[in-house]
Every structure is written in C-alpha cells, then in structure tokens.
Amino acid sequence: MYTTELKDQPGKASAVSIRSEDPALVAAFEARVAADEFIEPKDWMPEAYRRTLVRQISQHAHSEIVGMLPEGNWLTRAPSLRRKAILLAKVQDEGGHGLYLYCAAETLGTSREEMVEALHAGKAKYSTIFNYPSLTWADIGAIGWLVDGAAIMNQVPLQRTSYGPYARAMVRVCKEESFHQRQGYEIMMVLAGGTPEQRAMAQDALDRWWWPSLMMFGPPDADSPNSAQSFRWRIKRDSNDALRQKFVDATVPQADLLGLRIPDPDLHWNADKPGYDFGAIDWEEFYAAVRGEGPTAKERMKARRDAWENGAWVREAADAHAAKLEARRAA
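The shown structure was predicted, so the numbers you read here are calculated from the model rather than taken from an experiment.

(A) Examining the overall build of the protein more closely. Along the backbone of the protein there are 14 helices and two strands. For the protein, the C-alpha radius of gyration of 21 Å lies close to 20 Å, the compact-globule estimate for 331 residues. Considered along the principal axes of its C-alpha atoms, the protein spans approximately 65 × 55 × 30 Å. In the protein, buried positions account for 50% of the 331 residues. Across the protein, contacts joining residues at least 24 apart in sequence account for 81% of those joining residues at least 6 apart.

(B) Spatial organisation of the state of the cysteines. The tally for this structure, following the rule as stated, stands at zero disulfides. C103 takes part in no disulfide bond, and the closest cysteine sulfur, belonging to C174, lies 18 Å away. Overall, C174 belongs to the buried group, its relative accessible area being 5%.

(C) The arrangement of a negative patch on the surface in detail. Residues E113, E114, E117, E316 and D319 make up a contiguous surface patch of negative charge. With respect to the helices and strands, E114 occurs in helix α6 (residues 112-120).

(D) Representation of the environment of S20 in the model. As for its placement among the helices and strands, S20 is situated in helix α1 (residues 12-20). Look at S20 and you get exposed, because its relative accessible area is 60%. Along the chain, S20 and I262 lie 242 residues apart, while their C-alpha atoms are 51 Å from each other.

(E) Just the side chain of S63, in detail. Along the chain, S63 turns up in helix α3 (residues 47-66). There is a polar contact of 2.7 Å between the side chain of S63 and the backbone nitrogen of S127.

(F) View of helix α12 (residues 283-290). Most of α12 is tucked away: six of the eight residues are buried. The complete set of buried residues in α12 reads W283, F286, Y287, A288, A289 and V290. On its buried side, α12 packs onto α9 (196-215) and α11 (240-258). The N-capping residue of α12, defined by a side-chain oxygen 3.2 Å from the backbone nitrogen of E284, is D282.

(G) The arrangement of the packing of helix α13 (residues 297-310) against helix α14 (residues 312-330) in detail. It is at 4 Å that the axes of α13 and α14 come closest, and there the two elements cross at 40 degrees. Here α14 runs oblique to α13, going by the angle between their axes. Listed contacts from α14 to W308, E309 and N310 of α13 are A312, W313 and R315. For the contact of α13 with α14, the residue count by class is three nonpolar, one polar and two charged.

(H) Structural detail: the nonpolar core. W137, W145, L146, W209, W210 and F247 are the most contacted members of the largest nonpolar core, which totals 50 residues. Among the secondary structure elements, those contributing two or more residues to this core are α5 (81-106), α7 (137-155), α8 (164-192), α9, α11 and α12. Take this core: its biggest share by element is eleven residues, from α7. Counting 26 residues, the second largest nonpolar core, distinct from the first, contains A48, L101, W233 and I235.

(I) Structural detail: the pattern of salt bridges. Summed over the entire model, instances satisfying the criterion amount to 23 salt bridges. For E186, the salt bridge is made with R83, and the minimal N-O distance between the two is 2.8 Å. Taken together, the positions of E186 in helix α8 and R83 in helix α5 put the pair 103 residues apart, joining distant regions of the chain. Accessibility expressed as a relative area gives 11% for R83, which makes it buried. Across the salt bridge formed by R208 and D139, the nearest N and O atoms sit 2.6 Å from each other. Taken together, the residues R208 in helix α9 and D139 in helix α7 connect sequence positions 69 residues apart. R208 gets classed as partly exposed once you look at its relative accessible area, which sits at 24%. Taken together, the shared-partner salt bridges connect R32, E37 and D43 into one network.

(J) A look at α6. Taken as a whole, α6 has its buried residues at M115, V116, L119 and H120. Down the axis, α6 shows its buried residues gathered within 130 degrees of arc, on one side only. As for α6, its buried residues are in contact with α3, α5 and α13.

(K) Up close: the packing of aromatic side chains. For the structure shown, the criterion picks out twelve aromatic pairs. Considering the side-chain rings of F29 and W233, the 6.4 Å spacing of their centres and the 75 degrees angle between planes classify their relative orientation as edge-to-face. Here the residue F29 occupies a position in helix α2 (residues 23-34), and W233 occupies one in the loop between α10 (227-232) and α11, the gap between them amounting to 204 residues. In this structure, F29 and W233 share a single accessibility class: buried.

Conventions used here
- Residues numbered from 1 in each chain as written.
- Predicted model: local features only at pLDDT ≥ 70, side-chain atom pairs only at ≥ 80, totals over all residues.
- Heavy atoms only, no water.
- Helix = DSSP H or I, 4+ residues; strand = E, 2+ residues; numbered from the N terminus.
- Rg over C-alpha atoms; globule rule 2.2 N^0.38 Å.
- Buried < 20%, exposed > 50% of the residue type's maximum accessible area, 1.4 Å probe, protein only.
- Contact = heavy atoms within 4.5 Å.
- Disulfide = S-S within 2.5 Å.
- Patch = residues over 30% accessible without salt bridge, like charges linked within 9 Å, V, L, I, M, F, W, Y side chains within 5 Å.
- Areas by Shrake-Rupley, 256 points an atom, 1.4 Å probe, with all protein chains shown as cover.
- Salt bridge = Lys/Arg side-chain N within 4 Å of Asp/Glu carboxyl O.
- Lys, Arg positive; Asp, Glu negative; His and termini not counted.
- Charge placed at Lys NZ, Arg CZ, Asp CG, Glu CD.
- Polar contact = N/O pair within 3.5 Å; in protein donor to acceptor, adjacent residues only side chain to side chain.
- Axes fitted to C-alpha atoms, helices over the stretch in contact; angles between N-to-C directions.
- Parallel < 35°, antiparallel > 145°, perpendicular 65-115°, else oblique.
- Nonpolar A, V, L, I, M, F, W, Y, C, P; charged D, E, K, R; others polar.
- Core = buried A, V, L, I, M, F, W, Y, C linked by side-chain atoms within 4.5 Å.
- Arc of directions from axis to C-beta.
- Phe/Tyr/Trp six-rings, centres within 6.5 Å; stacked < 30°, edge-to-face > 60°.

The structure is reproduced here in structure tokens:
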C-alpha cells in the first residue's frame, strides 16, 4: 500500500562497494538502467543497488502488513454487512500486497524471516501513517480516500522502477489500490451527505488524516540524501515534493466536491504554478513517528509480534507438509 522514502544516513559503504566492483560490470549495469531495461534477479547488480532495493521493498511490505491493523480494528464494527464485506476484501488485499512484496525482496537474496525479524527488532521501518489510531468509522473512509490515494501517487511510478520483480508486483497492487481509494471516498460521500453528526465525523477524520497523508511522501527533497542515487538507478522516478504537490492538486477538488474543508489556512490556488500552495508540514512529528513515537506505534508492533508468535504453529505445519511432499517425490 505504502512506500515512503524515509531519511537515512548516507553510508560510506555504498560508495566504497561500487568503487571496489568490476568497472566493466558497473558500466554495463548503468547502461542498461539508463536505457530503461528491467534488471532481473539473476542479472549482475551492484551491492549498493541490491541493499537499497531490499530496504525499500521490505519497508513497503512491512507497511502493507502493519497497514491491515487500523482497518482490521473496524471489521466487526462496520455499519452494515456490505461495508463489512468490502472492508474484509480490502484488508485481505493488503495482506496479498505484503506477500507479493516479500516475495520480490526474497529474489534479492534475503529471506522472509530476516525481514520480519528486522521489523520486530525495530531495525526496519514501515510507513509512519500507521502509527495513528482509527477512532471512528469515518477514519476508514479517510484512510481509503487519503492514505490509499497518497499510496497510489507513490506507487504508480514504481510500475516503471528498474527492478523487474518489484515493477511487475506493482501493476496488480496499483489496480487494487484504486479500488481501495474509491471505496474510501464513497464512505466519505455518504457521511458528508448524511446527518450533521455524520458530516462532523467526516470533517474530523479529514482534519486528523490530512497532514499525516502529506507526510507519506517522505521528507522534503533537500532532506532526502538517497534520492539522487535512486533517481540514477531508476529505482525512484519522481521526487517526494513533486508527488506531494500532485496529491494536493488532485485531492483538494475532491474535498470541495464533498463540501469538506481542508484543515490548512494557508491553502490557496497559485495560478503561476498552476497548483495549490499549502502550509508548512510539521516534520518533527514525522520524524517522531519514524522513531516509533507515534500515538499507536507500540500497540502496532506488539500486535505484529504477537501475531508472528501465535502463528508459529501454522508455519511449522506448512514446513512439515512441504517436507513430506518432498520426501514422497524423492522416494
């Protein structure tokens, strides 16, 4: 669902590893990437490229899985059977997205267990948006409309990312995210056109999710030290700020159609862009959420660790069944 360019300290190891690799292989790799060819798992690639992809894809996968939690919280409380069925299908989709992405990362030589262990140990990140609580049913609408809408802006360019398995996984992910965004907007339409209490609930959800949604695109370009390398390797196609601007320009008219107010007094149309100017983002809040200080960060990680431990018997049974099948084939 969500991939965020989190601020990382640029490591000297990346530059050193590139310098120590065969110059002919590096040049051939760079030429293929510059020509917009897909890099496949068996192709030679710089170690820094592989590490960057493992970090980004695993972070993306973790976000899909952790992202099931705020919506799963409302599965039994959705206001109708239809809403329950739609939300269940959406949560199921997110689990599938995580599976595609873990599989894509595994083609780079890492394992599911390593990635999950890094998440549970706090060494790997996930999108900061999921460290916020879903307090009302309107939050499910806001998540679909805003959060999944921001995810689509981030992920559509990834269909052209240079690593083939990642790009191909994103084709289906983006199609399903479009469904998620539409169902969220429909919830907001119903609430905004309902009773005064329902309309107030919709406005409250927009007020709380607007700024975290803008943070989903990652820090300003000037504070994103890995972007230049990712652009050159075609891992990244658009800048954080450009995608954020595109999201604002697309979403403000949607809010106007709902009759809801964007919670930004500095928001106004700038005909010279053309596009909307908007207020300053509280980046300290963003980095606090990255550090695991968000309102529900500890709750989210506890839920993930508990699910992993409680599901151990399922993994053990699957491994035992696979071993039996392998033994039969060998016999």
